[in-house]
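Descriptive structure summary
The chain contents come next:
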Amino acid sequence: MSTDATLDTLQRALEDHADAMSSAAQILLHGLRPADTAQVLLHELPTDATPQPWRRDVERIQQSAREIYRMVREQLAVKQQPGTASGEELHVLRHDLRGQLQNILGRCQLVIEDGAASAQVLEELRSITDHALACVDVLNHHRNGEPVASERPGTQPLIPLDECASDDAALSMELGVARILVVDDSASSREVLGRFLVAQGHEVVFAETGRQALARVAESDFDLILLDLIMPEMNGFDVLKSLRRSGILRHTFVIIISGMDAGTNTIRGIELGAVDYLARPIDLRLLRARVNACIERQRLRERELAQFFTPTLARQLIRHPEQLAEGRRAEVTVLFCDIVGFSRVSERLGPEATIRWVGAVLSAMSASVMAHDGVLVDFTGDQVMALWGAPSPQPDHADRACRCARDMMAALPALDEVWREAIGQSTDVTIGINTGDAFVGNIGTPQKFKFGVLGNTVNLASRVQSATKFVRARVLLTGTTKASLKSPLASRRLGYVRVNNIAAPVDLHELRVSDDPRVEQLTSSYETALASFELCEMHTASAVLGKVLAEFPHDGPSLLLMSRAVQEMLRDETAVFDSVWTLPGK
């Protein structure tokens, strides 16, 4: 068959199907049966009729069908004139026709999935779908004016999205909301893709040109980009090149959606960094599967970091790995949490039961850290190390750490109820918190990455946690943490101590974790006694502490301060008084 004859056959086939789709759309818009087609143009809806939810989609379907008819009549007919059948022009025409067919098929699927249409409407939509798919086959059989082998095994009836979507829908819910950038110069395509993706629970942002897409990417992060190829100003291949140069493709997936012929375009797109190429018109079920696959790959990456960081922070670090790879100095708050009596319990329980107990406790403590947007830096045996203020800045990092400590203590009664009988004692933890400058980033090697924090701030936080057993308090924070708080948190000052291997005295404060209203009076009386002690007024200090202990006989810091006051009263008067207590161990 000659090229002109082939083009003529192509034209007539497309015209017939486009005309059939337009007629079916008219039938739907005017509420007539197929047998009444001849009277369609004479019929008008009552002005007070309530528009059906699918009406706007059918109107757009009809517009696309008429546009296909016009394009074929005006453009394909010209190509049949001698010397005008340019392969490139036919290629562009096929691209444009596929865009219109995508609008038709996509809207049909959206109306079918919505479930609000009647049986007659669904019947006509399936008829439209069959004609649209037949057009796809016609286009796939003719390239550059010559018939070629079909790219797909004939037309298949369009299946409603919800008939095969249960697994995909469950996966979508499991994966959570994704942020997707749709880049397409066609308003109809953007609308169809946007409606479909939003219905899947995703957040969608649009760009009409390649340059606009790059601007959107520069402004914020995305899980996935759906990219058209033929656009004004900058085509999709140029967008991919720019994204690859900027490094964005290392952490953001791109799926090309285009009416251009596959084959070499697919290869070129994949070589430039796209993860997939979907040729229009695409089945929305296939799009959902490919989108879910990309998002699942993103979430797997994030889970590797989510064992240390909150999901939000893990997602941010996937997109900005330089925040981890490049260490920096930052003001942070570090928290150490240690299980009390671990050695005794592990000896009594044996390894298997000990692991279960420790796992339950550390899991509850870790949940508190995550709930306050902290970073789980490390686990060492029965101890948790957590961080606030990095890798992302948190102006209220000290407040978050202290509130986390209170939540950790609040979680202990439930753990104690479960484990007391098994371990033979109460489940308890002690906590130390310190604020200051530290180095945050990769503390491993170039070959083995390890996120961590180093510096005197960390060492002091660890020493403060160890000090809990000497000063007989469960939650201790330093004076720098106390001074860094943005909002008041109840605490009592316990005085200055010297800790092992740190020269400067440390001002310790006990964080209040009890809601007992009497604790306020305890705090006030104790701090009065401490002030007298530091002024070397031991008789005044001991008198106040005597009253405190009469009401709170088991208060550890009061017992300790009373003991120190008595020792000072008994010491040699020639000895120099030092209000700073040197702790007896680490």
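A quick note: this is a predicted structure, and the numbers were derived from the prediction, not measured.

Reading the values: the criteria
Residues numbered from 1 in each chain as written. Predicted model: local features only at pLDDT ≥ 70, side-chain atom pairs only at ≥ 80, totals over all residues. Heavy atoms only, no water. Helix = DSSP H or I, 4+ residues; strand = E, 2+ residues; numbered from the N terminus. Buried < 20%, exposed > 50% of the residue type's maximum accessible area, 1.4 Å probe, protein only. Areas by Shrake-Rupley, 256 points an atom, 1.4 Å probe, with all protein chains shown as cover. Core = buried A, V, L, I, M, F, W, Y, C linked by side-chain atoms within 4.5 Å. Contact = heavy atoms within 4.5 Å. Pairing = 2+ DSSP bridges. Axes fitted to C-alpha atoms, helices over the stretch in contact; angles between N-to-C directions.

Overview of the overall build of the protein
- Check the secondary structure of the protein and you find 21 helices and 16 strands.
- The buried share of the protein, reckoned over its 586 residues, is 51%.
- Accessible surface, the protein as shown: approximately 27100 Å² in total, 53% of it carbon and sulfur.

Considering the nonpolar core
- Counting residues in each nonpolar core, the largest one holds 33 residues, and the members touching the most others are Leu-335, Val-429 and Ile-431.
- Residue assignment for this core shows that the elements contributing at least two residues are β8 (328-339), α14 (351-371), β10 (383-388), α15 (397-410), α16 (412-423), β11 (429-442) and β13 (475-478).
- Ranked by the residues each element gives to this core, the list is headed by α15, at seven residues.
- In this structure Ile-431 touches Leu-335, Phe-336, Cys-337, Ala-405, Met-408, Met-409, Gln-465, Thr-468, Arg-474, Val-475 and Leu-476, once residues within four positions along its chain are discounted.
- Residues Leu-476, Ala-541, Leu-560 and Leu-561 belong to the second largest nonpolar core, which totals 27 residues.

With respect to the sheet that holds strand β6 (residues 253-258)
- Taken in spatial order, the five strands make up an open sheet running β4-β3-β5-β6-β7, and their pairing is parallel. Of all strands in the sheet, those bounded by a partner on one side alone are β4 (203-207) and β7 (276-279). In this sheet, neighbouring strand axes are inclined to one another by 20° on average, regardless of whether the strands run parallel or antiparallel.
- Two elements, strand β3 (residues 179-183) and β4, share five bridges in a ladder whose sense is parallel. Along β4, the bridge assignment pairs Ile-180 with Val-204.
- Helix α7 (residues 210-219) contacts β3, β4 and β5 (224-227) of the sheet and is inclined by roughly 140° relative to β4.

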